[in-house]
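# Commentary on secondary and tertiary structure
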Amino acid sequence: MAGAFVVDRLQVTVARSAQEAGRLAALEIADHLRRLTHTVETVRVVFAAAPSQSAMLAVLVDAPGIDWSRVQAHQMDEYLGLSVDAPQCFGNWLRRSLFDLLPLTFHPLVSADGYLDPAPVDLVCLGIGENGHLAFNDPPTARFDDDKDLRVVDLDLTSRVQQVNDGLFAAVQDVPTQALTLTIPRLMRSHRVVGVACGPRKTVAVQRTLTGPVDASCPATALRLHENASLYTDLAAYPA
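Reference entry: report on the structure contained in this document. Note that residues are indexed from 1 along each chain, following the sequence as it is written. pLDDT decides what is reported in this predicted model: residues at 70 or higher carry local features, side-chain atom pairs at 80 or more are listed and counted, and totals for whole chains, interfaces and linings draw on all residues regardless. The side-chain figures draw on all heavy atoms in the structure; neither hydrogens nor water molecules are used.

## Observations concerning the sheet that holds strand S11 (residues 229-234)
Stated formally: By the convention used here, strands pair only if DSSP detects at least 2 bridges between them. Only runs of H or I of at least four residues qualify as helices and only runs of E of at least two qualify as strands under DSSP, and these elements are numbered from the N terminus. Each axis is a line fitted through C-alpha atoms, taken for helices only over the stretch in contact, and angles between the N-to-C directions span 0 to 180 degrees.
In space, the 8 strands of this open sheet follow the order S1-S2-S11-S10-S7-S3-S4-S6, with mixed pairing throughout. The open sheet terminates on both sides in strands that have one partner only, identified here as strand S1 (3-7) and strand S6 (105-107). Pairwise comparison of adjacent strand axes, ignoring direction, gives a mean angle of 20° for this sheet. Here strand S3 (residues 43-47) pairs with strand S7 (residues 123-127) via 3 bridges, running parallel. In the sheet register, Phe47 faces S7, and the bridge partner there is Cys125.

## Section: empty space enclosed by the protein
Where empty space is left in the structure can be found by rolling a water-sized probe over the atoms. Using the following cut-off: Cavities and pockets were defined on a 1 Å grid built from protein atoms only: a cavity is a group of points that admits a 1.4 Å probe but offers it no way out, a pocket is an open group of points flanked by protein on both sides within 12 Å along at least five of seven lines, and a lining residue is one with an atom within 4 Å of any such point. Grid points are joined across faces, edges and corners, and a volume is the space filled by probe spheres set on the points.
Counted under the stated rule, the structure contains 1 cavity of 30 Å³ or more. Of the pockets and cavities examined, the largest cavity occupies roughly 200 Å³. In terms of lining residues, the largest cavity is bounded by 19 residues, among which Ala49, Ala50, His133, Ala135 and Gln162 are the most central.

## Section: the state of the cysteines
Which entries qualify depends on this criterion: Note on terminology: pairs of cysteine sulfur atoms within 2.5 Å are recorded as disulfides. Think of it in three bands: residues with accessible area under 20% of the maximum for their type are buried, residues over 50% are exposed, and the middle band is partly exposed, with areas taken using a 1.4 Å probe on protein chains only.
A full pass over the atoms with the stated rule returns 0 disulfides. The thiol of Cys198 is unpaired, and the distance to the nearest cysteine sulfur, on Cys125, comes to 14 Å. Cysteine Cys218 is unpaired, with the sulfur of Cys198 as its nearest cysteine sulfur at 16 Å. Residue class for Cys218 comes out buried when judged on its relative accessible area of 1%.

## Let's talk about the sheet that holds strand S5 (residues 77-79)
Spatially, 3 strands are ordered S5-S9-S8 in an open sheet, and the strand pairing comes out antiparallel. Two strands bound the open sheet, and with one partner strand each, they are S5 and strand S8 (150-154). Strand-to-strand twist across the sheet, computed as the mean angle between neighbouring axes with direction ignored, equals 20°. Judged from the 5 bridges that link them, S8 and strand S9 (residues 178-182) form a sheet pairing that is antiparallel. Along S9, the bridge assignment pairs Arg151 with Thr181.

## Examining the pattern of salt bridges
Quick reminder of the rule: A pair is scored as a salt bridge if a Lys or Arg side-chain nitrogen falls within 4 Å of a carboxyl oxygen belonging to Asp or Glu.
Under the counting rule described, the total for this entry stands at 14 salt bridges. Here Asp31 makes a salt bridge to Arg34, at a shortest N to O gap of 3.9 Å. On the criterion of helical spacing, the pair formed by Asp31 and Arg34 is a turn pair, its members being 3 residues apart in helix H1 (residues 18-37). Owing to a relative accessible area of 34%, Asp31 belongs among the partly exposed residues under this scheme. The closest approach of N and O atoms between Asp166 and Arg201, which form a salt bridge, is 2.7 Å. Of the two residues, Asp166 is situated in the loop between helix H4 (157-165) and S9 and Arg201 in the loop between strand S10 (193-196) and helix H6 (203-211); the sequence distance between them amounts to 35 residues.

By themselves these figures say nothing about function.
Here is the structure:
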């Protein structure tokens, strides 16, 4: 049933549809950015690149009252091995969906050298993978105590299949086997986290995120440890 509740520290909203979940998430993000961009000189935001974020981004791009010129936008992950102009590159996807539509500053993730200083970012906008990953921190190798902010990872087969299911690649053999990703501790060091995870393909991941043990078997359970995190889902992903 649709509604709102709290799991540990995580604020959860179950909407009737993915579109509604995306809209509600965008309203929260926009409200936060509106206040920050009127009080802080530079606002740093990390965005996920995935079709699951499209409904949220479509509303956010038209949100009034945000001074986008103060926003520095960053990626949370990127494939290794694709050409820089490949449409599947997450940076290119984000450009098409948001960054080229607004007067913000975009910092593409092209190498691990010097990407993001260690200070907390203001906001992370993320999704949850079908295997429960955050960014490309796949189970069971994701580390809640990772001593790195950014690392090269081998992609789990489930993650690679998801990219095909999302329509980004024609076949799993076309999906790169490695990526750069911000680690779990780096993402959780954000002042605020807003997640969107909807649809029947996310049912197992969302159920495990909200009801399973908090450990690397479902990296998204780390959201339950954050002091200021929200998750928006829908009845297709969380029918309970």
